[in-house]
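Descriptive analysis of the structure
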Amino acid sequence: MKFPIPHTLKQIAAIINCKYVGDDSFSVLGMNEIHVVTKGDIVFVDHPKYYDKALQSKATIILINKEVACPEGKALLLSDDPFRDFNKLTTYFKPFLKSVSTVSETAKIGENTVIQPNAFVGNNVVIGKNCVIHSNVSIYDNCVLGDNVTIHAGSVLGADAFYYKNRPEGFDKLLSGGRVVIEDNVDIGALCTIDKGVTGDTTIGQGSKLDNQVHVGHDTVIGKKCLIASQTGIAGCVIIEDEVTLWGQVGTTSGITIGKKAVVMGQTGVTKSIVGGKSYFGTPIEESREKLRQLANVKKIPSILQNIKNK
């Protein structure tokens, strides 16, 4: 998430009321999670296990809960609770805006696009040309849709990320300030849920098709011409490369990559990154031919045991 205008380190520190290490005028351009940070971004870290990763990342401002040596060319924001203060910044730069109409006056709707009754289109949404948005679809603030997009009834674009910190008093939510971006020629079935990024974009690439009841987690990037069948659940921060096929009831863990033209058979649990151009099946996931060979061998176990018993 980039700020509308650049800020200084001193200005950011004043917003969250914290000390800092670095020049007052050090430039701050935005804030992001560690997997999408670029130069000028703030990243937060609140556990020693991840200090080095954050300090050596592309981020140039580190919101951290311990005063450490500051890498050259970077700055520190010193906070007793970086998670809390990251939320403060999200609230400051991307505050919740209530809607006062079913289709916001700030939404931009392209030529020949049809929005059916009872659909909701939030603030600053952009929808391209020749789209069809069916009834009871909810498109939250700041979502971006390309041309020739179809979204079937009951789907929700832009709900919050499922991201919490476990505190003694309960789960503390990391606020979401990102977007959902749907590229051209995408079809989204009924009752799908696509969560927005925490600070970046959840993206569905050009020409991809989602069946009914598909869930896409925050900051996931789905490539071009992918096919995703019903009841598939994709966790956050997953990269699905072009022309991947996920059959029904596939589930994934977070932070993995599924390679180009991979085919994942139904009810598979994708527990790790997999290379493209192959077919996969089972939990834990393996190449489908190997998995099916193993299952065939398992069926032979009773007869093998009987033969041993008869000897």
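Going by the structure above, here's the rest.
Here is a short report on the structure shown in this document.

**Brief notes about the pattern of salt bridges**
When their charged atoms lie close together, side chains carrying opposite charge are able to pair. Evaluated as defined, the whole model comprises 14 salt bridges. For Arg167, the salt bridge identified is with Asp81, shortest N-O distance 3.0 Å. With a gap of 86 residues between them, Arg167 in strand β16 (residues 164–167) and Asp81 in the loop between β6 (75–78) and α3 (82–93) connect regions that are remote in the sequence. Relative accessible area serves as the criterion here: at 14%, Asp81 is assigned to the buried category. In this structure, the salt-bridge partner of Arg84 is Asp85, at a minimum N-O distance of 3.1 Å.

**A few points about the sheet that holds β6**
The six strands are arranged β1-β3-β4-β5-β6-β2 in an open sheet whose pairing can be described as mixed. The open sheet terminates on both sides in strands that have one partner only, identified here as β1 (2–8) and β2 (19–21). Shown here is a sheet whose adjacent strand axes are inclined to one another by a mean of 30°, direction ignored. Bridge analysis of strand β4 (residues 41–45) against strand β5 (residues 61–64) gives four bridges, and the strand direction is parallel. Each residue of the ladder has a partner; that of Val43, found in β5, is Ile62. This element, helix α1 (residues 9–16), spans β1, β2, β3 (27–31), β4, β5 and β6 of the sheet and lies at about 105° to β1. Its contacts with the sheet place α3 against β1, β3, β4 and β5, and it is angled at close to 145° to β4.

**As for the packing of aromatic side chains**
Two numbers describe a pair of aromatic rings. These are the distance of the centres and the angle of the planes. By the definition in use, this model includes six aromatic pairs. A ring pair is formed by Phe3 and Phe93, whose centres lie 3.7 Å apart and whose planes are at 10°; its orientation type is stacked. One end of the pair, Phe3, is in strand β1; the other, Phe93, is in helix α3, and 90 residues separate them in sequence. Considered together, Phe3 and Phe93 belong to a single accessibility category, that of buried residues. Ring centres of Phe44 and Phe83 lie 5.9 Å apart, and the angle between their planes is 90°; this geometry places the pair in the edge-to-face category. One end of the pair, Phe44, is in strand β4; the other, Phe83, is in helix α3, and 39 residues separate them in sequence. Among the residues examined, Phe83 registers a relative accessible area of 2% and is labelled buried.

**Details of the state of the cysteines**
Applying the stated criterion across every chain, the model contains zero disulfides. With no disulfide of its own, Cys131 lies closest to Cys143 among cysteine sulfurs, the gap being 13 Å. The closest cysteine sulfur to the non-disulfide-bonded Cys226 is located on Cys192, 14 Å from its own sulfur. Given a relative accessible area of 1%, Cys226 falls into the buried group.

**A short note on the packing of α1 against α3**
Packed helix pairs are specified by the crossing angle of their axes together with the interaxial distance, meaning the distance between the axes. In contact at an axis separation of 9 Å, α1 and α3 are set at 105° when each is read in the N-to-C sense. One way to sum up the angle between α1 and α3 is to call them roughly perpendicular. Residues Ile12, Ile15 and Ile16 of α1 form the contact with α3, whose participating residues are Asp85, Lys88, Leu89, Tyr92 and Phe93.

**Brief notes about the sheet that holds strand β7 (residues 108–109)**
Here we have eight strands laid out as an open sheet, ordered β7-β10-β13-β18-β21-β24-β27-β30, and parallel in their pairing. Strand pairing shows two members of the sheet lacking a second neighbour, β7 and β30 (257–258), which therefore form its edges. Pairing of strand β27 (residues 239–240) with β30, which is carried by two bridges, proceeds in the parallel orientation. Across the sheet, residue Ile240 finds its bridge partner in β30, namely Ile258.

**Some words on a nonpolar patch on the surface**
A cluster of nonpolar side chains, namely Val298, Ile301, Ile304, Leu305 and Ile308, defines an oily patch on the protein surface of about 470 Å² accessible area. The element best represented in the nonpolar patch is helix α5 (residues 301–310), accounting for four residues. A residue is classified by how much of its surface remains accessible, and Ile304, at 44% relative accessible area, is partly exposed.

**Quick look at the environment of Asn185**
Relative to the assigned elements, Asn185 resides in the loop between β18 (179–182) and β19 (187–188). Taking C-alpha positions, Asn185 is 34 Å from Val43, a pair spaced 142 residues apart along the chain. Those residues in contact with Asn185, other than ones at most four positions away along the chain, are Asp147, Asn148, Val149, Gln206, Gly207, Ser208 and Lys209. Within polar-contact distance, the side chain of Asn185 engages the side chain of Asn148 at 3.2 Å.

**Observations concerning the pairing of β18**
Two strands pair when backbone bridges link them, and strand β13 (residues 144–145) and β18 are joined in this way by two bridges, in the parallel orientation. Its bridge partner being in β18, Leu145 is matched across the sheet by Ile182. Bridge count for β18 against strand β21 (residues 201–204) is four bridges, and the pairing is parallel. Looking across to β21, one finds that Val180 is bridged to Thr202.

Parameters and conventions
- Residues numbered from 1 in each chain as written.
- Predicted model: local features only at pLDDT ≥ 70, side-chain atom pairs only at ≥ 80, totals over all residues.
- Heavy atoms only, no water.
- Salt bridge = Lys/Arg side-chain N within 4 Å of Asp/Glu carboxyl O.
- Helix = DSSP H or I, 4+ residues; strand = E, 2+ residues; numbered from the N terminus.
- Buried < 20%, exposed > 50% of the residue type's maximum accessible area, 1.4 Å probe, protein only.
- Pairing = 2+ DSSP bridges.
- Axes fitted to C-alpha atoms, helices over the stretch in contact; angles between N-to-C directions.
- Contact = heavy atoms within 4.5 Å.
- Phe/Tyr/Trp six-rings, centres within 6.5 Å; stacked < 30°, edge-to-face > 60°.
- Disulfide = S-S within 2.5 Å.
- Parallel < 35°, antiparallel > 145°, perpendicular 65-115°, else oblique.
- Patch = residues over 30% accessible without salt bridge, like charges linked within 9 Å, V, L, I, M, F, W, Y side chains within 5 Å.
- Areas by Shrake-Rupley, 256 points an atom, 1.4 Å probe, with all protein chains shown as cover.
- Polar contact = N/O pair within 3.5 Å; in protein donor to acceptor, adjacent residues only side chain to side chain.

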